[in-house]
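Remarks on the overall topology
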Amino acid sequence: MPMNKSADLKTDLKLAYLAVTSPLPNLYIGGLMITDGRGLPLEFRYTEPIQPTKIQQILYGQVLSSYIKREVILETLLKSIESKFKCLLVEDEQLVALGPNKGFCVIRLTETKAAPLGELGKTEKISDTEVLLQSAHQASPIRLNLPDLSQNPEMASENGQPIYAILTEAGQTMDVQEPLKRIHKALEIICQEAGITSAAS
């Protein structure tokens, strides 16, 4: 019976992942995937390729990229997702500044070359906004850049636990960074099918 409860927790747990890629200069496409605590996909949505005009490039200047990622891609995808979630996991620094006023916090995942911390799910706190998490067996931990939730303390914990505890829990049964790689691969295939090939290829 306890094992069934544990399995239920893993299927009830929801993680949201957002990846944005630019296969060509000034061309953007984004994908949002929701998984359960085992890494199984529950929902996946993506945008059509977005290419700002030359006038928009001039008018928006240096803020164009962050505007498209936050205000166009993310907002479009959020409207089509049915699942509710507490954490949005990203790898793009431009997406970290999104505030918890949207009902979720944004956590940036980045790879490190640090020595493994030990068992899956183990964490090492670096600062109030930075934590290392062992997310895969015998691999370097990943770095979690957490939002400054001092202005929204109600988002700082889940059932009395730090907000990243959801990743510690999921880290027991999955590599919490791996779904981002799946989204990138899916976006690559979507672009290929649309006749868009990377400038690097």
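Here, the structure is the one placed above.
Heads up: these notes are all about the structure in this document. Computed from a predicted model, the values in this text were never measured in an experiment. (Residues numbered from 1 in each chain as written. Predicted model: local features only at pLDDT ≥ 70, side-chain atom pairs only at ≥ 80, totals over all residues. Heavy atoms only, no water.)

Let's talk about the overall build of the chain
Let me state the cut-off plainly: In DSSP terms, a helix is any run of H or I states spanning at least four residues, a strand is any run of E spanning at least two, and both are numbered starting from the N terminus. Burial status follows relative accessibility: with a 1.4 Å probe on protein chains alone, a residue under 20% of its type maximum counts as buried, one over 50% as exposed, and anything between as partly exposed. Contacts are assigned to residue pairs with any non-hydrogen atoms lying within 4.5 Å of each other. Per-residue accessibility takes into account occlusion by the displayed protein chains alone, with areas from the Shrake-Rupley method and a 1.4 Å probe.
A count of helical and extended segments in the chain gives 5 helices and 10 strands. For the chain, buried positions account for 42% of its 201 residues. Contacts in the chain between residues far apart in sequence, at least 24 positions, make up 58% of those at least 6 positions apart. Just so you have it, the chain exposes about 11000 Å², and 50% of that area is on carbon and sulfur atoms.

Thoughts on the packing of aromatic side chains
This is how it is decided: Between the rings of Phe, Tyr and Trp (Trp by its six-membered ring), a pair exists once the centres lie within 6.5 Å; its type follows the angle of the planes, with under 30 degrees stacked, over 60 edge-to-face, and the other angles tilted.
Per the stated rule, a full pass over the model turns up 3 aromatic pairs. Judged by centre distance (5.1 Å) and plane angle (45°), the ring pair of Phe 85 and Phe 104 falls under tilted. Here Phe 85, found in the loop between α3 (64-80) and β4 (87-90), pairs with Phe 104, found in the loop between β4 and β5 (105-111); they are 19 residues apart in sequence, far enough to count as distant. For the pair Phe 85 and Phe 104, a shared accessibility class is recorded, and that class is buried.

Comments concerning the pattern of salt bridges
Spelled out, the test is: Take a side-chain nitrogen of Lys or Arg and a carboxyl oxygen of Asp or Glu: if they are within 4 Å of each other, that pair is a salt bridge.
A complete count under the given rule lists 6 salt bridges for this structure. Residue Arg 38 is joined to Asp 36 by a salt bridge in which the shortest nitrogen-to-oxygen separation is 2.8 Å. Note on Arg 38: relative accessible area 42%, which makes it partly exposed. Overall, Asp 36 belongs to the buried group, its relative accessible area being 3%.

Some points on helix α5 (residues 178-193)
Two residues of an α-helix separated by three or four positions point the same way, owing to the 3.6 residues in each turn. Operational definition: Expected span of a helix: the number of residues minus one, times 1.5 Å.
Helix length check: α5, at 16 residues, gives a terminal C-alpha distance of 23 Å against a target of 22 Å (1.5 Å per residue), a fit within 8%. Buried residues along α5 sit in contact with β1 (14-21), β2 (29-36), β3 (41-46), β4 and β5.

Section: the pairing of strand β6 (residues 123-127)
What counts is decided by this rule: Strand pairing follows a simple DSSP-based rule, namely that at least 2 bridges must link the two strands.
Where β6 and strand β7 (residues 130-133) come together, 4 bridges link them in antiparallel fashion. Bridge pairing links Lys 125 to Val 131 in β7. Taking the residues that link successive antiparallel strands as the turn, the β6-β7 hairpin has 2 residues.

Structural notes on unusual backbone geometry
Here the phi dihedral of Asn 26 falls at roughly 60°; this positive angle occurs in a residue that is not glycine. On the basis of relative accessibility, which here comes to 31%, the residue Asn 26 falls in the partly exposed class.

Observations concerning the environment of Ile 166
In this fold, Ile 166 is placed in helix α4 (residues 165-170). Residue Ile 166 is classed as buried on the basis of its relative accessible area, which comes to 14%. With 152 residues separating them along the chain, Ile 166 and Lys 14 place their C-alpha atoms 8.8 Å apart. With near-sequence residues (within four places) excluded, Ile 166 lies in contact with Leu 13, Lys 14, Leu 15 and Cys 87.

So, the side chain of Thr 112
In plain terms, the rule: Polar contact is defined as a pair of N or O atoms within 3.5 Å, subject to the rule that within protein one atom must be able to donate a hydrogen and the other to accept it, and that residues adjacent in sequence are counted only when both atoms are side-chain atoms.
Along the chain, Thr 112 turns up in the loop between β5 and β6. A polar atom in the side chain of Thr 112 sits 3.3 Å from the backbone nitrogen of Ala 114. At 2.5 Å, the side chain of Thr 112 and the backbone oxygen of Pro 141 are in polar contact. Excluding its chain neighbours within four sequence positions, the residues that come into contact with Thr 112 are Leu 132, Ser 140, Pro 141, Ile 142 and Arg 143.

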